[in-house]
Structure formats: C-alpha cells, structure tokens
Amino acid sequence: HAAWLPPEAFRSLGARRVLVHGDGPLVDTVLDEVARACARYGGRMWHSPSWDVDVDLVLTLRRADALPSSTAQAARAAGEAALIDDGRTLGDEGFLLARAGDVTVVLADAPAGLLYGLFHVVRLCAAAFDPARPPELHRPALRRRMLNHWDNVAVHPVMGQVERGYAGGSIFWRDGRPRGDLARLRAYGRLLAASGINAISVNNVNVARAEARLLTDRLGDVAEIADVLRLYGIRVHLSVTFAAPVALGGLSTADPADEAVRAWWAATTRAVYERIPDFGGYVVKADSEGQPGPFTYGRDHADGANLLAEALAPHGGVVHWRAFVYDHHQDWRDRSTDRARAAYDHFTPLDGRFRTNVVLQVKFGPVDFQVREPVSPVLAALPATRVAVEFQVTQEYTGQQRHICHLGPWWSEVLRFAPWGPGGRTIADVATGEKGEGGGLVAVANTGDDPFWTGHPLAQANLYTFGRLAWDPRLDPRAVLDEWMTLTFPPSATADPELVRRTLHEIMDDSWRTYERYTAPLGVGFMVHPGDHYGPDVDGYEYSRWGTYHFADRDGVGVDRSRASGTGFAGQYPPYWADVYESPERCPDELLLFFHHVSYTHVLHSGSTVIQHIYDTHFAGVEEVEAMRRRWQTLNGMIDPAVYVRVAERLDEQVRSAIEWRDQINTYFLRKSGVPDAHGRRIY
Ligand code: GCU
C-alpha cells in the first residue's frame, strides 16, 4: 500500500515540464521521483540541460553552477530576490518555493532541501502552480526528527519481533537476520522523507544479545539499511547496551571511569564511522526496567551518557539518553514512592553535567504514554541540557492500532503547552532550543511489515502527522490531517472526494478524545490489562510493582500528588503550574485524578460530579465509536476496497472493546461508590 504517496498524488507534478538542476545522490532521488511521475502522467523532465527549455517547474540548488537555461536563471533570480527580502537562509534542509513568470521554482542550498521541496510540491498539488502564489520559505523548526523502532532482531519470547508493535513483523529484521527487502526499505524511507523524518534507530531500546552485536560484528546489517535510507536524507542510529564492553568486548567491567572501557567505546565507535560515515549515534535505555547502566558501578546518568558522548564526539554523533528511569519493583503499600516523580528526581540534579552531544530523551508525560497525562515537568527543568521530547506513535496505550485514535491533537497540545505559564516558552520551544540546539522530537514507530504499514490503515495518519509536527510544531493538526487524507485518498481516485474528506474528518478529528472518554477517566490512567496493555482491567495494576495506581475506594478515586498532602509531584513544575495543579479547584478537569484523590461527588468545572462524569463519558464514548462505524460504512465503494474492509473489521473490534471498557469502568465505579447513574442507564 502506497500510504501517503500513491501514484495519483504525483498527477499534478507528473503532467508538467520539469527541470532538475544539481548533482549527487539525493538529487538522483529527486530525478527518480520526477521521472516516474512524468512517465506516468505525460510530463517531461530535463536534468541540467545546456540549452534553453520552456518549463513549468524548476528544482535547483542555489549555488550550483550557473544554468545556461534562461528560464532557470530567471527563476533563480526571482527566488533569490524573495530570499533576500526575507533576510533568511535556507540551511541544510530548507527550501524556497517561488513563482518566476510562468514558472514555479524550488530553490535549496543542499540536496536534502530539494527533496523536501519536491515533496512539498506534491503536497500542494495544483496549488504549487498557482500564478498568484506568494514566495514561501520552509525550514524545519527541529533539526532532528527521529523515529525509534522497538524492533528486535531475534524474536523475543514475550515481546515478539517488534516490542509493542501492532503492524506485523519488522521492516528490518526477521527471525534473527536482516530481512533484506531493500525495495520495501526504500519505499519506507521515501514515506518518511515525505513526512519530514530524518533520523531513525533500527533496533529496540531493550537490547538483547543478538541486537547488541549490531554494534560490532553485525554492523554490516546496519550499514545495509543506512545505505538505502541515506538516499532519502535519513541517518541511522543504533540502540546499544551499556554493558557492551563486557558483553561484546570481553572486559570485566563497563564502568565509565575505567580507561579500558573508554578506549573500547572509542575504538568501537570509530569502526562504526568507518563503515557508516554519516551514522547518527546511539540510543540508550540505562538503569531502566532491568537494562544495565552506570548505577552498577556507583556512577550516575551523566557519567554514563558522557562516556558514550565522548566516543561519538569526534565523529559528530549524538547519544540519545532516555530519561525513562524509575523503580519498577515498587511496593504498593509504600505511599511515599511515586513513579511520576522519578525522572525529575534522577535527572534534574545532573543539569549542566552532560556533554553537548548528549540529548536527554524525555517521554512527554511523567508516567508512560497514557491517553492523558500532564506534560512532564522534566522538560522544563534542565535549562543547561539538550532535551528531546519522546512521543509514542505506536498505539500501545491508545488502542493498539485496532482502535482509531488520531494523536495529532494530543501531540499538538503537548507541544503548545507553556510550562512556565501561559504566554511563555512552549514545549516546542524547548525541543527547538533557543539557537536551534534543542534535542528535537523522537517517536516510537508504529510501522511493520503489514501491507498497510501500520495494521490499521488510518493509523498511517499518526506517523505522517508526527513527521509534519516535527518539521513545524506550530502546524494545525487538523490541517495536517487534511494534507494526509488528500494525499492518501487523492481526489482523482474517488467519485466524491468532498464526501470522503468530510467523513474522514468526522471519524478522525476527535477520535483521541473519544478514546479518552471510554477508557480511564480524568487523567488517572493505567486501567489496562497488565502485560499486553490492551482492554480494560481496572485493578490490573493496583497492587503491582510497576507503580501505577488509582486508589479507588468507596468514597473516591485518584492519586494525591499535591505538595500539601500527597507525593509532592505537583511541586516539580515551575510556580504557575505547580500552583494550578496543587489545587483541586484549579486543576483542569482532565487531569484531576492524576493530581488529586477526590470524592465521587466532587463537582468538576464542567458542573458534573466525578461519578456522573465517568458514567456520561463512557456512554458517550461508545456512542461516538458506533457513529464512527456508521460513517465509515458510507464510504463503501468510494475508496480502495482493501482499505475499506480492513478498517471496517477494526471498527467492529473497536465497538466491541469500547463497550467492554464502558461496562467494566461503569460497573466498577457503581459498585465502589453505590451512586446510581442520574439517567438510570444500564450498568451491571
Ligand atoms: C513501556 C513499554 C515497554 C517499553 C518501555 C520503554 O513501559 O510497555 O515495552 O520498553 O515503555 O519506553 O522503554
């Protein structure tokens, strides 16, 4: 399945006369795209001709040798003028789109910019050739826009080929070997580039034995992937185990202070760059959920991260050091330990101690990718550290790609959140950095060897949206969704494009909030089935070692994380939000149970009581999913039948599962509280 790059998306480009000027592997990628589009739709392509040609579109490098073509020269001059007026430069990945007479020109300083410019023209369709189109300059807000694949090389006995993967096997690996499907890999790189992603890690953050060896004797497998993805401007990164010097190097220790350990990392990293000169760097999950780390040697996370950073620095690489560190052997009887606090407590004392090529990779929320959490206070607490925000595109806690849950609005909300108070710097600003030195955005991938890439065909939109928001976090998620659907379901491929668009918006726009309505209420989270995390199990984690509780009793529910009487987590925020979250009166409804334990009769800002809110949202959530299914049925015959059927099947499961959620949650709280539903609906 072609996802957001079906041939029809190239119709407008492919029907035109196109001149491409420039050289190099990425320019060859552009040439290949244009040539295929023109072959299909009757257009014509020239590559740097030495004679004058009349064209509709010019894609050219700004500093390439002067073009003899007068059209191209005019185009370049127009572009340059627009650029000078704007006073900005294009950078490694930026591009300018301008009209020069009858010609649309895409101008870039580097080949990657030309590729992004090409995909922009594709996105715009006919609008790219509108004579009245004013010049536009595009540069990514974030330098690194990264995907993490939690793919195992060998099949893990519990987690399978892809940890938390809901789209079949891995694109890279199968049964301990490289998959070797380079055509599919190339198609993947192409999709990622068209969404704006430029970095990828190719193995799970939980690094087992086979995966560890990718760093050394199996490096060739990684180089093969890098060779393909490089053609789309994507750099490859590797998840490594902190214990590598022992596990692979035969040393007796992995202590960061040990000279032999430092020498091992330096030599090993040098060998990686000899093989993969544009290698991105390492991703590390250390002292987290059983992974080895510096604590074993009495060292801290800065010592650990700096060890790897030192090895990478001479080659321009970075280490993504994950902040997902907490006690996963907690005693539920101990009310003083709070998992939400852990990352802040571990990492804020280390601010200023990380080398400049360390990126601290922080999950967007303090717990674990729930459908609703407050934004992690860690993101605002390390001003002297490069910080990346980590999202989860794979829908571990948001319906596992059996449910429609479009996450764009949620991520956008997180990126726009101003941790120092309204009007101040935002999370997007933190990821960008004041001078562009921020850590960027990272997301756990949702793709696999499934024919639709993502299991649920509509889950493709989450990946596309992640890439686009990483390019520009200010984009309106609804507009991005619109782009995605116009590309994926091109107007020329359906009888009634307006109906398709409208229906998809009705189904997807609010689907994240719908999912929230029928699952754990008011930010409390983690009422999922332990282990696989699919479906409801209200008390599944209530007495567990993972530190994920809701504390429901006959009087009320929620976790007291206030400073006054709870775990003190609210105090980890800068003053404005610390005060808001501290107070049950001021705390936003949707986070109330994350921060406070309140009685069932507590009145929300919405005017409803907590218990009535639980009932109402769960009934409403199911009704909304049923409406989604009805709406989808109206598209039967209008779109690709394979997509239609796959989504229809999954909607049946979503309806079933939403009903199960509704009935378990409502029944649980009715039994606990004894408070009947004000509307007398059926609760069991
Ligand atoms: C979650 C997920 C794990 C994963 C972990 C992580 O806890 O369930 O499978 O390994 O996050 O982010 O490292």
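All values derive from a computational prediction rather than experimental measurement.

The next thing to look at is the overall build of the protein chain. Summing up its helical and strand segments, the protein chain has 21 helices and 20 strands in all. The C-alpha radius of gyration of the protein chain comes to 26 Å, within 12% of the 26 Å expected for a compact globule of 684 residues. Across its three principal axes, the protein chain shows a C-alpha extent of roughly 85 × 65 × 50 Å. When the 684 residues of the protein chain are sorted by exposure, 54% land in the buried category. A sequence separation of at least 24 residues applies to 69% of the contacts in the protein chain between residues at least 6 apart.

With that settled, consider the UniProt feature "domain: Glycosyl hydrolase family 67 catalytic" (unreviewed entry) in the protein chain. The residues that UniProt annotates with the feature "domain: Glycosyl hydrolase family 67 catalytic" (unreviewed entry) are residues 138-453. Within residues 138-453, the helical portion is 26% and the strand portion 16%, while the C-alpha atoms at the span's ends are 28 Å from each other.

The next point concerns the sheet that holds strand 6 (residues 136-138). The 6 strands lie next to each other as 2-1-3-5-4-6, forming an open sheet whose pairing is mixed. Here the strands that pair on one side only, and so sit at the sheet edges, are strand 2 (44-47) and strand 6. On average, adjacent strands in this sheet sit at an angle of 15° to one another, irrespective of strand direction. The pairing of strand 4 (residues 95-100) with strand 5 (residues 103-108) spans 5 bridges and is classified as antiparallel. Bridge pairing links Ala 100 to Val 103 in strand 5. Where helix 2 (residues 25-41) meets the sheet, its contacts fall on strand 1 (17-21), strand 2 and strand 3 (57-61), and the angle it forms with strand 1 comes to roughly 170°. In the packing of helix 4 (residues 111-124) onto the sheet, the strands contacted are strand 3, strand 4, strand 5 and strand 6, and the crossing angle to strand 5 comes to about 145°.

Lining the immediate environment of the ligand, one finds Glu 163, Arg 164, Val 205, Asn 206, Lys 285, Phe 324, Asp 368 and Glu 396. Here the residues of the shell around the ligand are counted per class, giving 2 nonpolar, 1 polar and 5 charged.

Right, let's get into the sheet that holds strand 15 (residues 318-322). With parallel pairing, 8 strands are arranged side by side around a closed barrel as 7-12-13-14-15-16-17-18. Averaged over neighbouring strand pairs, the angle between their axes works out to 25° when direction is ignored. Where strand 14 (residues 281-284) lies against strand 15, 4 bridges are found, and the strand directions are parallel. Residue Gly 281 lies in a different strand from strand 15, and its bridge partner there is Val 318. Taken strand by strand, helix 7 (residues 219-229) contacts strand 12 (199-201) and strand 13 (235-239), and its axis lies near 150° from that of strand 13.

Another point: unusual backbone geometry. Not every positive phi belongs to a glycine, and Cys 125 is a case in point at roughly 55°. Tracing the sequence through the fold places Cys 125 in the loop between helix 4 and strand 6. Residues other than glycine seldom take positive phi values, yet Leu 522 does so here, at roughly 50°. Positionally, Leu 522 belongs in the loop between helix 17 (511-518) and strand 19 (556-557). We classify Leu 522 as buried; it has 26 C-beta atoms within 10 Å.

Summarising the sheet, strand 13 and strand 14 pair through 3 bridges and their orientation is parallel. Counted as the bridge partner of Leu 238 is Tyr 282 from strand 14. For the segment spanning strand 14, helix 10 (residues 301-312) and strand 15, crossover handedness is right-handed.

Interfaces are often described in size by the accessible area the parts lose on coming together. The domain boundaries assigned to the protein chain delineate domain 1 (7-138), domain 2 (145-477) and domain 3 (515-559 + 597-673). Of note, the centres of domain 1 and domain 2, computed from C-alpha atoms alone, are 34 Å apart. Of the residues lining the interface, 6 residues belong to domain 1; the matching set on domain 2 comes to 6 residues. Secondary-structure elements contributing two or more residues to the side of domain 1 that touches domain 2 are helix 2 and helix 4.

Turning next to the packing of helix 5 (residues 182-195) against helix 7. Contact geometry for helix 5 and helix 7: axes closest at 9 Å, N-to-C directions at 50°. By the angle class used here, helix 5 and helix 7 are oblique. Note that helix 5 runs across helix 7; the crossing there is right-handed. Two secondary-structure elements touch here, helix 5 through Leu 182, Leu 185, Arg 186 and Gly 189 and helix 7 through Ile 225, Val 228 and Leu 229. Taken together, the residues of the contact of helix 5 with helix 7 break down into 5 nonpolar, 1 polar and 1 charged.

The residues that UniProt annotates with the feature "domain: Glycosyl hydrolase family 67 C-terminal" (unreviewed entry) are residues 454-681. Split by type, residues 454-681 is 50% helix and 2% strand. Its first and last C-alpha atoms lie 37 Å apart.

Another aspect to go through is the pairing of strand 2. Where strand 1 and strand 2 come together, 4 bridges link them in parallel fashion. The residue bridging Leu 19 from the neighbouring strand is Trp 46, located in strand 2. Following the chain from strand 1 across helix 2 to the adjacent parallel strand 2, one finds a crossover that is right-handed.

Inspection of the secondary structure puts Val 557 in strand 19. Spatially, the C-alpha atoms of Val 557 and Val 122 are 51 Å apart, while their sequence positions differ by 435 residues. Setting aside anything within four residues of it in sequence, one finds Val 557 in contact with Val 524, His 550, Phe 551, Ala 552, Leu 593 and His 597.

A rise of 1.5 Å per residue sets the reference length of helix 21 (residues 641-673), with its 33 residues, at 48 Å; its end C-alpha atoms lie 47 Å apart and thus fit the reference within 8%. Considering only its buried residues, helix 21 is in contact with helix 17 and helix 20 (610-633). Where helix 21 terminates, the next one or two residues include Gly 674, which has phi positive at roughly 70°.

On to the confidence of the model for the protein chain. Per-chain confidence: the protein chain averages 96 in pLDDT, with 99% of residues scoring 70 or above. Both confidence scores are given for the complex: pTM 0.97, ipTM 0.98.

Moving on: helix 2. An α-helical turn contains 3.6 residues, so a residue and the one three or four places further along point in the same direction. Along its 17 residues, helix 2 runs 25 Å from first to last C-alpha, staying within 8% of the 24 Å computed at 1.5 Å per residue. The complete set of buried residues in helix 2 reads Leu 26, Val 27, Thr 29, Val 30, Leu 31, Glu 33, Val 34 and Ala 37. Each element contacted by the buried residues of helix 2 is listed here: helix 1 (11-14), strand 1, strand 2, strand 3 and helix 4.

Thresholds, definitions, all that
Residues numbered from 1 in each chain as written. Predicted model: local features only at pLDDT ≥ 70, side-chain atom pairs only at ≥ 80, totals over all residues. Helix = DSSP H or I, 4+ residues; strand = E, 2+ residues; numbered from the N terminus. Rg over C-alpha atoms; globule rule 2.2 N^0.38 Å. Buried ≥ 20, exposed ≤ 12 C-beta atoms within 10 Å, placed from the backbone. Contact = placed C-beta atoms within 7 Å. UniProt positions renumbered as here; feature names shortened; annotations may be inferred. Pairing = 2+ DSSP bridges. Axes fitted to C-alpha atoms, helices over the stretch in contact; angles between N-to-C directions. Near = placed C-beta within 6 Å. Nonpolar A, V, L, I, M, F, W, Y, C, P; charged D, E, K, R; others polar. Right-handed = clockwise from strand over helix to strand, strands pointing away. Domains from an automatic or database assignment. Parallel < 35°, antiparallel > 145°, perpendicular 65-115°, else oblique. Left-handed = near helix turned anticlockwise from the far one by under 90°. Expected span 1.5 Å × (residues − 1). pLDDT = per-residue confidence, 0-100.

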